[in-house]
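Coordinate analysis (summary)
So the chains spell out like this:
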Amino acid sequence: MGCLLIYGIFKLNKIKNKIKVKILVILSFLIIFKNFIFLNPYKQFHNEDFRNEKENLLLTSKWIKNNLNENSLILVHPDVHDIGLLAFTKIAEFGSPRTLLFKSWNSSRNKITFERGLMRFCDVAGDSCYEYFKNSNKLDSSKVSYFINRYKNNINTIDINLKKILLKYEVNYIVNKKNNSIYSNEIIYSNNDFIILKVK
């Protein structure tokens, strides 16, 4: 709509150039202002629930830094990664699906690194995940989403088989959203949004 108005103004020969410029400046300002109000990417920061969640993530991060051994290995649930990485912990992470499947390969282009990440992801996701990724010439987005959802759900429930897998990789702790987990492991820390579970 804004582009059509600007085009129409330029086509009107009766309006002097100086007036055209003034009109265009005003129109441009109104378009920018409208986009900032309605499409503002920062408007979520004015949401109280969002701010509280971020504050609780920071509290979780500080607790990890102050209370856990730096040699520990933490599995961070993908839903926690989606709102921002845990800051300042200085503790190694098992890796999110995005890191295990894509970022590690994009960063190093190292086949061994990719194979290791794929194996970790598929061990948690299960259901012939490894075979699918190894044998597919072209990945189907819905199938990848299926395995990511299995990865999430398995972390939420933490059955005996998954516990064995995590212990094999020497994962010591799991960070999850409070409303995700079934709490089958010992909770060593919690706030209104997040919990830390000890794998044992």
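Sequence order as written defines the numbering, with residues in each chain counted from 1. Owing to the predicted nature of the model, reporting of local features is limited to residues with pLDDT of at least 70; listing and counting of side-chain atom pairs is limited to 80 or more, with chain, interface and lining totals taken over all residues. Here the side-chain values reflect all heavy atoms present in the structure, with hydrogen atoms and water set aside.

Describing the overall build of the protein chain
Runs of H or I in DSSP of at least four residues are treated as helices and runs of E of at least two as strands, each being numbered from the N terminus. In terms of helices and strands, the protein chain carries 9 helices and 5 strands. Think of it in three bands: with a 1.4 Å probe and only protein chains considered, a residue is buried below 20% of the maximum accessible area for its type, exposed above 50%, and partly exposed in between. Across the 200 residues that make up the protein chain, the buried fraction comes to 36%. Taking the intrachain contacts of the protein chain between residues at least 6 apart in sequence as the baseline, contacts between residues at least 24 apart amount to 51%. Note that accessible areas follow from Shrake-Rupley with a 1.4 Å probe, and for residues the cover is restricted to the protein chains shown. Here the protein chain has roughly 13100 Å² of accessible surface; of this, 57% comes from carbon and sulfur atoms. Two residues form a contact once any of their heavy atoms are found within 4.5 Å.

Side note on the sheet that holds strand β5 (residues 194–198)
What makes two strands pair is DSSP finding at least two bridges between them. With mixed pairing, 5 strands are arranged side by side in an open sheet as β2-β1-β3-β5-β4. The two strands at the open ends of the sheet, each matched to only one other strand, are β2 (92–93) and β4 (186–190). Direction of pairing for strand β3 (residues 173–177) relative to β5: antiparallel, over a ladder of 5 bridges. Across the sheet, the residue bridging to Asn-176 is Ile-195, located in β5.

Some words on helix α8 (residues 141–157)
Helix length check: α8 (17 residues) gives 24 Å between terminal C-alpha atoms against 24 Å at 1.5 Å per residue, within 8%. Among the residues of α8, those classed as buried are Val-144, Phe-147, Tyr-151, Lys-152, Asn-154, Ile-155 and Asn-156. Trailing α8 by a residue or two, Ile-158 shows a phi angle of about 50°, which is positive. The length a helix should cover is 1.5 Å for every residue beyond the first.

Topic: the confidence of the model for the protein chain
Residue-level confidence of the predictor is summarised by pLDDT, bounded by 0 at the bottom and 100 at the top. Taken as a whole, the protein chain shows an average pLDDT of 76; of its residues, 66% reach a score of 70 or greater. Helix α1 (residues 2–11) is the least confidently modelled element of the protein chain, averaging 50 in pLDDT, while β5 averages 90, the highest of any element.

Details of the nonpolar core
One finds Leu-75, Phe-94, Phe-121, Phe-133, Tyr-151, Val-171 and Ile-174 to be the most contacted residues of the largest nonpolar core, which totals 27 residues. Of all elements in the fold, only β1 (73–76), α5 (97–108), α6 (111–125), α7 (129–135), α8, α9 (160–168) and β5 reach the threshold of two or more residues within this core. Residues enter a nonpolar core if they are buried and are Ala, Val, Leu, Ile, Met, Phe, Trp, Tyr or Cys, with the set joined through side-chain atoms within 4.5 Å. Leu-57, Ile-64, Leu-68 and Phe-194 belong to the second largest nonpolar core, which has 12 residues in total.

Quick word on the packing of α6 against α8
Relative to each other, α6 and α8 sit at 65°, their axes nearing to 8 Å. As for the relative orientation of α6 and α8, their crossing is left-handed in sense. Side by side, α6 and α8 meet where Phe-121, Val-124 and Ala-125 of the first sit next to Phe-147, Ile-148, Arg-150, Tyr-151, Asn-154 and Ile-155 of the second. Counted by class, the contact of α6 with α8 contains 7 nonpolar, 1 polar and 1 charged residues. Interaxial angles span 0 to 180 degrees and are taken between N-to-C directions of axes, which are lines fitted to C-alpha atoms, for helices over the stretch in contact. The sense of a crossing depends on the near helix, which, turned anticlockwise from the far helix by less than a right angle, makes the crossing left-handed and, turned clockwise, makes it right-handed. Throughout, the ten residues Ala, Val, Leu, Ile, Met, Phe, Trp, Tyr, Cys and Pro are labelled nonpolar, Asp, Glu, Lys and Arg are labelled charged, and all others, Gly among them, are labelled polar.

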